[in-house]
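As a plain string of letters, each chain reads:
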Amino acid sequence: MCSSDLQNMGIAAAIAIVVAVLVYLAVYGFPFMAATPGLHYWQGQQVNQAAFAISNGVPAGGAVGLAVQYGMLTSYGITPAITTSSIAVVGLWSVFVTLGFPILGVGALVLAGVSGGAYVAVALIGLGVLLAAILLLVLVVRSESLARKLGELGNKIVHPLGRWIKKLADIDLVPSILNFRTSIYGIVTKRWGVITLAQCGVFITQFLILYMALRGVEGWGNSGTPLLIAFGAFAISQVGLMIPITPGGVGTVDAFMIAILTSFGTSDGAATAADLVWRAASFVPQICIGVIALIPWYRQ
């Protein structure tokens, strides 16, 4: 069924998917530009795309991707302190948006007139974790004394574990948290809004690719999967990104998304075909661009 659904896609659907991919790729350069004072758009593209290619194309490439981000940003004249802050903030905001989108997804299902069912529990858990994380970040950024108390509390929790893990016996979290607060203070207080918009733009344009693929395999002339249902399935499935089994949630996100789509009436063949197109269109071009971005930077 999946192959037949893919074969039913016409030229217009293919063009719509290509346009959606180009928009997504264009938006992907904004998060680091938003979080890094003085960074140009193409430099932001290079940093994000190169890190994506390494993180998702190399086994255990996450740590290497972070190192490449650091190396590229400092090579563009960004100070080490701001570089570290930008990487931390972009990573944090990506987690915040990943936790926030399932909440929007459940809201979309409710607006579509269907029951959120078990997904409501997922959204509530995500909302609780998101609010706790944001509150913790705000407290750390706004008050040095609170940041110090948080580090001392962390020490009380971690030090007893030194009975089994020797390295934890003498660790002091206070300097680390204070340094973290100092490094991100300026970026978070001045740029949190534009960073949020940039990260949300990445997720929304990625959904656009999925929706174009879904409408393409179902046929634009047919009623097909409603927009709100498709968005709900996409947004809720992003929880799979928090399960660090495969790079980019490959497999986990896909399984969640296909299951949610089919549970609300999308045929199994159409859901699977749309997911395959979305995954290929999201990953392959980015890995290629990331490799291309690495070559001129490495030569310099």
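Residues numbered from 1 in each chain as written. Predicted model: local features only at pLDDT ≥ 70, side-chain atom pairs only at ≥ 80, totals over all residues. Heavy atoms only, no water.

Trainee: Before we go on, may I ask you to explain the overall build of the chain in this structure?
Mentor: Helix and strand content of the chain: twelve helices and zero strands. Listing the helices and strands of the chain from first to last along the sequence gives α-α-α-α-α-α-α-α-α-α-α-α. The proportion of buried residues among the 300 residues of the chain is 45%. In the chain, 69% of the contacts between residues at least 6 apart in sequence involve partners at least 24 apart. (Helix = DSSP H or I, 4+ residues; strand = E, 2+ residues; numbered from the N terminus. Buried < 20%, exposed > 50% of the residue type's maximum accessible area, 1.4 Å probe, protein only. Contact = heavy atoms within 4.5 Å.)

Trainee: Teacher, can you tell me more about a nonpolar patch on the surface here?
Mentor: On the surface, I11, I15, V19, V23 and L208 cluster together into a nonpolar patch covering about 440 Å² of accessible area. The element that contributes the greatest number of residues to the nonpolar patch is helix α2 (residues 11-27), accounting for four residues. If you trace the backbone, V19 turns up in helix α2. Under the relative-accessibility criterion, V19 is labelled partly exposed at 46%. (Patch = residues over 30% accessible without salt bridge, like charges linked within 9 Å, V, L, I, M, F, W, Y side chains within 5 Å. Areas by Shrake-Rupley, 256 points an atom, 1.4 Å probe, with all protein chains shown as cover. Salt bridge = Lys/Arg side-chain N within 4 Å of Asp/Glu carboxyl O.)

Trainee: Sorry if this is basic, but what is going on with the packing of aromatic side chains here?
Mentor: The description of an aromatic ring pair uses the distance of the two centres, along with the angle that the planes make with each other. What the rule picks out here adds up to eleven aromatic pairs. Where F101 meets F231, the ring centres are 5.9 Å apart and the plane angle is 50°; that geometry is what we call tilted. Highlighted residues: F101 in helix α6 (residues 80-111) and F231 in helix α10 (residues 227-237), separated in sequence by 130 residues. In this structure F101 comes out as buried when scored by relative accessible area, which is 3%. Here F231 falls in the buried class, since its relative accessible area comes to 16%. (Phe/Tyr/Trp six-rings, centres within 6.5 Å; stacked < 30°, edge-to-face > 60°.)

Trainee: Where do I start with the pattern of salt bridges in this structure?
Mentor: When their charged atoms lie close together, side chains carrying opposite charge are able to pair. One pass over the full model with this rule turns up one salt bridge. Among the salt bridges present, the one from D254 reaches R279, with a minimum N-O distance of 2.7 Å. Of this pair, D254 sits in helix α11 (residues 252-263) while R279 sits in helix α12 (residues 268-299), and the two are 25 residues apart along the sequence. Assessed through its relative accessible area of 8%, D254 is described here as buried.

Trainee: Looking at this model, I keep getting lost on the confidence of the model for the chain. Mind explaining?
Mentor: Low-confidence regions, as indicated by low pLDDT, have predicted coordinates that should not be scrutinised in detail. Of all residues in the chain, 84% have pLDDT values of 70 or greater, and the mean over the chain is 80. Summarising per-element confidence for the chain, the mean pLDDT is lowest in helix α1 (residues 2-7) (57) and highest in helix α3 (residues 30-35) (90). (pLDDT = per-residue confidence, 0-100.)

Trainee: Is there a simple way to think about the layout of surface pockets in this case?
Mentor: Leftover empty space is mapped by rolling, across the atoms, a probe with the size of a water molecule. Taken as a whole, the second largest pocket encloses approximately 310 Å³ of empty space. Along its surface, the second largest pocket is lined by 17 residues, and W93, F96, I134, W192 and T196 are the ones closest to its centre. When residues of the lining of the second largest pocket are traced back to their parent elements, those giving at least two are α6, α7 (119-142) and α9 (173-218). Its residues placed into classes, the lining of the second largest pocket shows 13 nonpolar, three polar and one charged. (1 Å grid on protein atoms, 1.4 Å probe; cavity = no way out; pocket = protein on both sides within 12 Å on 5 of 7 lines; lining within 4 Å. Points joined across faces, edges and corners; volume = space filled by probe spheres on them. Nonpolar A, V, L, I, M, F, W, Y, C, P; charged D, E, K, R; others polar.)

Trainee: Is there a simple way to explain the packing of α10 against α11 in this structure?
Mentor: Two quantities define a packed helix pair, namely the angle between the helix axes and the distance between the axes. With their axes 8 Å apart at the nearest point, α10 and α11 run at an angle of 150° to one another. In terms of their interaxial angle, α10 and α11 are classed as roughly antiparallel. Crossing handedness for the pair α10 and α11: right-handed. Facing I229, A230, A233, F234, I236 and S237 of α10, the residues of α11 in contact are V253, F256, M257, I260 and L261. Within the contact of α10 with α11, the residues separate by chemical class into ten nonpolar, one polar and no charged. (Axes fitted to C-alpha atoms, helices over the stretch in contact; angles between N-to-C directions. Parallel < 35°, antiparallel > 145°, perpendicular 65-115°, else oblique. Left-handed = near helix turned anticlockwise from the far one by under 90°.)

Trainee: Even after reading the chapter, I still don't get the environment of G126, so can you show me in this structure?
Mentor: With respect to the helices and strands, the residue G126 is situated in helix α7. Residue class for G126 comes out buried when judged on its relative accessible area of 10%. Taking the C-alpha atoms as reference points, G126 and F101, 25 residues apart in sequence, are found 8.9 Å from one another.

Trainee: In this structure, what is going on with the nonpolar core? I would like to understand it.
Mentor: Across soluble globular proteins, you tend to see nonpolar side chains buried next to one another. Counting residues in each nonpolar core, the largest one holds 44 residues, and the members touching the most others are I17, F207, I209, L210, M257 and W278. Among the secondary structure elements, those contributing two or more residues to this core are α2, α6, α9, α10, α11 and α12. Examining the composition of this core, we find that ten residues originate from one element, α9, more than from any other. Not counting chain neighbours up to four residues away, the residues in contact with W278 comprise Q206, I209, L210, F234, V253, D254 and M257. (Core = buried A, V, L, I, M, F, W, Y, C linked by side-chain atoms within 4.5 Å.)

Trainee: Which parts of the structure should I look at to understand α10?
Mentor: Side chains that are three or four residues apart share a direction in an α-helix, a result of its 3.6 residues per turn. Among the eleven residues that make up α10, nine are buried, leaving the element largely enclosed by the rest of the structure. Burial in α10 covers these residues: I229, A230, F231, G232, A233, F234, A235, I236 and S237.

Trainee: What should I look at first to understand the packing of α11 against α12 in this one?
Mentor: For the pair α11 and α12, interaxial distance at closest approach is 9 Å and the crossing angle is 145°. Crossing handedness for the pair α11 and α12: right-handed. Residues V253, D254, M257, I258, L261 and T262 of α11 lie in contact with α12, whose contacting residues are D268, A271, T272, D275, W278 and R279. The residue makeup of the contact of α11 with α12, split by class, is six nonpolar, two polar and four charged.

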